[in-house]
Amino acid sequence: MRNLKINYKNLNFKILISLFILFVSKSIYSNEIKYEIKGNDYTDPNVILSLLNDIPKNADKDNSNEILKALNESRLFSDVRINFVDNNYVITIIEYPNINKLIFKNNDRLKDEDLELIASEINFT
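Residues numbered from 1 in each chain as written. Predicted model: local features only at pLDDT ≥ 70, side-chain atom pairs only at ≥ 80, totals over all residues. Heavy atoms only, no water.

Draft legend 1. Just the packing of aromatic side chains, in detail. According to the stated counting rule, one finds two aromatic pairs in the structure shown. Ring geometry for Tyr35 and Tyr89: centres 5.5 Å apart, planes at 15°, overall stacked. Taken together, the residues Tyr35 in strand β1 (residues 34–38) and Tyr89 in strand β3 (residues 88–95) connect sequence positions 54 residues apart. Through a chain of ring-to-ring contacts, the aromatic side chains of Tyr35, Phe84 and Tyr89 assemble into a single cluster. (Phe/Tyr/Trp six-rings, centres within 6.5 Å; stacked < 30°, edge-to-face > 60°. Helix = DSSP H or I, 4+ residues; strand = E, 2+ residues; numbered from the N terminus.)

This is the structure in structure tokens:
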């Protein structure tokens, strides 16, 4: 009987230690930063994250400015906004419009080929 009490106490101790480790590890992993990217129709989210030189290790509002600066300096987006909600960065971007096709109508001064050459030489950056 005495041996059974000792085993019972050891079991209780092991359960308490296991629960403690479970709760501590959960709090450690809950600081994981998540990125949600909205508004990207043509750009892959991994490409957007790769534009960040140093992805912040800590979830903090102060890092929002660094992320915003890095994405604006890439000059790939017309607008970038960052919100920090529950250890998540919500990055909302507006991409520059893409031109699929140019159509020239009613042009009397220049030929269509000349206009296409001019349009191909324009740098929109």
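Draft legend 2. Inspection of the pairing of strand β2 (residues 77–85) at higher detail. The pairing of β2 with β3 spans eight bridges and is antiparallel. In the strand pairing of β3, Arg81 is matched with Thr92. Counting the residues between successive antiparallel strands, the hairpin from β2 to β3 contains two residues, one of them, Asp86, with a positive phi of roughly 50°. (Pairing = 2+ DSSP bridges.)

Draft legend 3. Looking closely at the pattern of salt bridges. For the coordinates displayed, the defined rule picks out two salt bridges. With its nearest N and O atoms 3.9 Å apart, the salt bridge here joins Lys38 to Glu36. By relative accessible area, Lys38 is classed as partly exposed at 41%. Assessed through its relative accessible area of 40%, Glu36 is described here as partly exposed. One salt bridge connects Arg81 with Asp79, and the closest N-O pair in it is separated by 3.1 Å. For Arg81, a relative accessible area of 54% corresponds to the exposed category. Since its relative accessible area comes to 24%, Asp79 is described here as partly exposed. (Salt bridge = Lys/Arg side-chain N within 4 Å of Asp/Glu carboxyl O. Buried < 20%, exposed > 50% of the residue type's maximum accessible area, 1.4 Å probe, protein only.)

Draft legend 4. Region of interest: unusual backbone geometry. Of note, the phi angle at Arg75 is positive, near 55°, even though the residue is not glycine. Residue classification places Arg75 among the exposed positions, given a relative accessible area of 61%. A positive phi angle, close to 55°, is found at Asn106, a residue other than glycine. Topologically, Asn106 is positioned in the loop between β3 and α4 (112–121). Residue classification places Asn106 among the exposed residues on the basis of a relative accessible area of 76%.

Draft legend 5. The arrangement of the side chain of Asn40 in detail. Of note, Asn40 is situated in the loop between β1 and α2 (45–50). A polar contact of 2.9 Å, which involves the side chain of Asn40, links it to the backbone oxygen of Thr43. Here Asn40 is in contact with Pro45, Ile48, Ile93 and Glu95, once residues within four sequence places are set aside. (Polar contact = N/O pair within 3.5 Å; in protein donor to acceptor, adjacent residues only side chain to side chain. Contact = heavy atoms within 4.5 Å.)

Draft legend 6. Here's a closer look at the sheet that holds β2. The sheet built from three strands is open, its strands ordered β1-β3-β2 with mixed pairing. At either margin of the open sheet sits one strand with a lone partner, and together these are β1 and β2. Ignoring strand direction, the axes of neighbouring strands in this sheet form an average angle of 20°. (Axes fitted to C-alpha atoms, helices over the stretch in contact; angles between N-to-C directions.)

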